[in-house]
Amino acid sequence: MKVFDELYRCVHCGFCLPTCPTYLATGLEGKSPRGRLHLMKAVVEGRAEAKGKLLEYLDSCVYCLRCETACPSGVRYGEVYEEFFKKYKNEMQSVSYRRVNLLFNLLNSKIGLRIAPYAKILSQELGSMVSGGDISDLVGKVYEAKGDFRGRVALFVSGDCVAWRYRRSIVEAALRVLTWNGYEVVVPRFACCGAPYRHSGQFEKAEALAQRNLSILKELRGVDAVVVPNSGGCQAELLRYLRGFKVIDAAQLLADGLRGVLGEVKIKLAVQHSCHLMNVAKAHDVVLKILSKIPGLVLAPLPSADVCCAGGNMYPLRHRKIADAVLAKKREEVLSLSPDGILAESPSCLQQLTKIGLPVYFPLEILDMSYARAENNGYPEIRARPLYG
Ligand code: SF4
Ligand code: SF4
């Protein structure tokens, strides 16, 4: 079936409307999934032109894909949207992507990655992208499993991608937790997963990155799974092209049993789900189940935890007003729960939620904290050898 045939499967029921962050923030039909499908259909049928306000409505989609999960007709919104983006690439990029792509590509270049920590001078958005330490010295290594050997996994992080390059505490937590649980962890020099490029219409670049990651993995041989340390966006993208490989979140990997003693972490965390972890990988429940084993930890999902925070896809840089409106609602919900911090499941959520002003944690950081607070002989140490000769 041709992708645009999906447009005719929409029965205009509106079940998707309450799941759409941009519709909830604006109340505009044109900024809802149903409205966007209607607009794309008008262009594809030649009844409207891809320009002006119509393009602005389409461009304002965050690409969270929550609407797909609510649709009784099973409309594959994401595929239609991407096909439309490919067909009207110049028009679609003209609204906001051309501007932010320049910035993102510059930051993700060799020089850009080095000077990225200074980007915080330019804006809060850029600052939150590079808020942790550099992971460059952690990649290109193999980390030894502790205790009974459970398997060999490749950890998906990339020193070539601004979203991961400065997330040291999460990567370190992943290494400690996974090796402690009996996994040998291989950290090759992966490229960016490609999601930011594909979502912004840079399809060739995304494909090149996919091919590079595929060949890195093929060279590795003998890994049981590709493990993503809490990034729904990367996991969803890898699931698209790493066919024949098991691609899972670190918490999913540990779902069949955590080793050792979990210490008390007496904090209350407001929970916001990662859209792609929930809507594509469908792993958000597993993550919470694992964390619920930690003594003292209280997890309080936001009433709108399953609605996107508008942090992904460089959204705050592209549609500041809508992103701020979505965030204001999240802030209100977070504060009403009086938590000590927020639990996020993806780097792009972290960039947005950090503006609420409370500490933001990742599931792996909480697990790591819990292990470190209990009697786990030799827990924090990790031992590594070089991966490349
Ligand atoms: S992908 Fe997200 S933002 Fe876009 S139409 Fe669907 S629910 Fe709305
Ligand atoms: S839920 Fe599905 S069928 Fe109903 S309006 Fe939304 S996209 Fe169309």
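So, here is what we can say about the structure in this document. In this text, all values refer to a predicted model and were calculated from it rather than measured experimentally.

### Digging into the layout of surface pockets
So, point 1. Of the voids in this model, the largest pocket is the one considered here, and its volume is about 380 Å³.
So, point 2. In this structure, the largest pocket is lined by 18 residues; those nearest its centre are Tyr63, Leu65, Gly78, Glu79 and Arg240.
So, point 3. Elements with a minimum of two residues in the lining of the largest pocket: helix H5 (77-87), helix H12 (195-199), helix H14 (232-241) and helix H16 (275-279).
So, point 4. A per-element tally of the lining of the largest pocket places H5 first, with 5 residues.
So, point 5. Residue composition of the lining of the largest pocket, grouped by class: 6 nonpolar, 4 polar and 8 charged.
So, point 6. Space inside the second largest pocket adds up to approximately 310 Å³.

### Let's talk about the packing of helix H11 (residues 168-180) against helix H21 (residues 363-372)
So, point 1. It is the contact of H11 with H21, at a shortest axis distance of 8 Å, that shows an interaxial angle of 55°. Between H11 and H21, the angle falls in the class oblique. Pair H11 / H21 crosses with left-handed handedness. Of the residues in H21, those in contact with Ser169, Ile170, Ala173, Ala174, Arg176, Val177 and Trp180 of H11 are Leu364, Glu365, Leu367, Asp368 and Tyr371.
So, point 2. Its residues assigned to classes, the contact of H11 with H21 shows 8 nonpolar, 1 polar and 3 charged.

### With respect to the nonpolar core
So, point 1. Among the nonpolar cores identified, the biggest contains 83 residues, and Leu155, Leu178, Val185, Val227, Leu238 and Leu367 are the most heavily contacted of them.
So, point 2. At 8 residues, the largest contribution of residues to this core is made by H11.
So, point 3. Two domains each provide a minimum of three residues to this core, namely domain 2 (136-257 + 376-386) and domain 3 (268-372).
So, point 4. One finds Tyr57, Cys67, Phe104 and Leu113 within the second-largest nonpolar core, a separate group that totals 40 residues.

### Description of the side chain of Lys330
So, point 1. In this fold, Lys330 is placed in helix H19 (residues 320-336).
So, point 2. For the buried residue Lys330, which engages in no salt bridge, the nearest side chain bearing the opposite charge is Glu333, 5.1 Å off.
So, point 3. If sequence neighbours within four positions are ignored, Lys330 has contacts with Gln272, Leu302, Ser304, Ala305, Val307, Cys308, Cys309 and Ile356.

Rules used in this analysis
Residues numbered from 1 in each chain as written. Chains lettered and ligands numbered in written order. Predicted model: local features only at pLDDT ≥ 70, side-chain atom pairs only at ≥ 80, totals over all residues. Heavy atoms only, no water. 1 Å grid on protein atoms, 1.4 Å probe; cavity = no way out; pocket = protein on both sides within 12 Å on 5 of 7 lines; lining within 4 Å. Points joined across faces, edges and corners; volume = space filled by probe spheres on them. Helix = DSSP H or I, 4+ residues; strand = E, 2+ residues; numbered from the N terminus. Nonpolar A, V, L, I, M, F, W, Y, C, P; charged D, E, K, R; others polar. Axes fitted to C-alpha atoms, helices over the stretch in contact; angles between N-to-C directions. Parallel < 35°, antiparallel > 145°, perpendicular 65-115°, else oblique. Left-handed = near helix turned anticlockwise from the far one by under 90°. Contact = heavy atoms within 4.5 Å. Core = buried A, V, L, I, M, F, W, Y, C linked by side-chain atoms within 4.5 Å. Buried < 20%, exposed > 50% of the residue type's maximum accessible area, 1.4 Å probe, protein only. Domains from an automatic or database assignment. Lys, Arg positive; Asp, Glu negative; His and termini not counted. Salt bridge = Lys/Arg side-chain N within 4 Å of Asp/Glu carboxyl O.

Read these as geometric descriptors, not functional statements.
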